[in-house]
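# Working through the structure, step by step
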Amino acid sequence: MAAALTVYAHDGETVDGLVDRALGKTSGAVESVLEANPGLAALGLFLPHGTAVLLPIAAQVADETPIIQLWD
């Protein structure tokens, strides 16, 4: 893995909630985070408070969908 950002879980937070809080999106990023953190899914639905989670830099790249506006 190239580079990663470490984020710590809040009490009762889910993986997708943590990813959404840190990156502002979950589409495709949750899968990358689970691959980068073996055993994270085994902790259960709600992460224990203070669990360190590595967010790969690639997960932070937003897949921009072009916005089509009526006046274009």
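Everything numeric in this text was worked out from a predicted model, so none of it was measured.

### A few points about the nonpolar core
- By size, the foremost hydrophobic cluster in this structure holds 12 residues: Val 7, Ala 9, Val 15, Leu 18, Val 19, Ala 29, Val 30, Val 33, Leu 40, Leu 47, Val 53 and Leu 55.
- Elements supplying a minimum of two residues to this core: helix H1 (15-23), helix H2 (29-36) and strand S2 (52-56).

### Notes on the pattern of salt bridges
- For the coordinates displayed, the defined rule picks out one salt bridge.
- One salt bridge in this structure joins Glu 13 and Arg 21, with 2.9 Å as the shortest N-O distance.

### What about the side chain of Glu 13?
- Looking at where Glu 13 falls in the secondary structure, it is placed in the loop between strand S1 (4-8) and H1.
- On the basis of relative accessible area, Glu 13 is assigned to the buried category, the value being 11%.
- Looking at Glu 13, its side chain comes within polar contact range of the main-chain nitrogen of His 10, at 2.9 Å.
- With residues up to four places along the chain from it excluded, the contact list for Glu 13 reads Tyr 8, Leu 18, Arg 21, Leu 45, Phe 46 and Leu 47.

### Concerning the side chain of Thr 51
- Position of Thr 51 relative to the elements: it lies in the loop between H2 and S2.
- When its relative accessible area of 14% is taken as the criterion, Thr 51 is described as buried.
- Among the polar contacts made by the side chain of Thr 51, one reaches the main-chain carbonyl oxygen of Pro 48 at a distance of 2.6 Å.
- Those residues in contact with Thr 51, other than ones at most four positions away along the chain, are Val 7, Tyr 8, Ala 9, Leu 40 and Leu 43.

Criteria and thresholds
Residues numbered from 1 in each chain as written. Predicted model: local features only at pLDDT ≥ 70, side-chain atom pairs only at ≥ 80, totals over all residues. Heavy atoms only, no water. Core = buried A, V, L, I, M, F, W, Y, C linked by side-chain atoms within 4.5 Å. Buried < 20%, exposed > 50% of the residue type's maximum accessible area, 1.4 Å probe, protein only. Helix = DSSP H or I, 4+ residues; strand = E, 2+ residues; numbered from the N terminus. Salt bridge = Lys/Arg side-chain N within 4 Å of Asp/Glu carboxyl O. Polar contact = N/O pair within 3.5 Å; in protein donor to acceptor, adjacent residues only side chain to side chain. Contact = heavy atoms within 4.5 Å.

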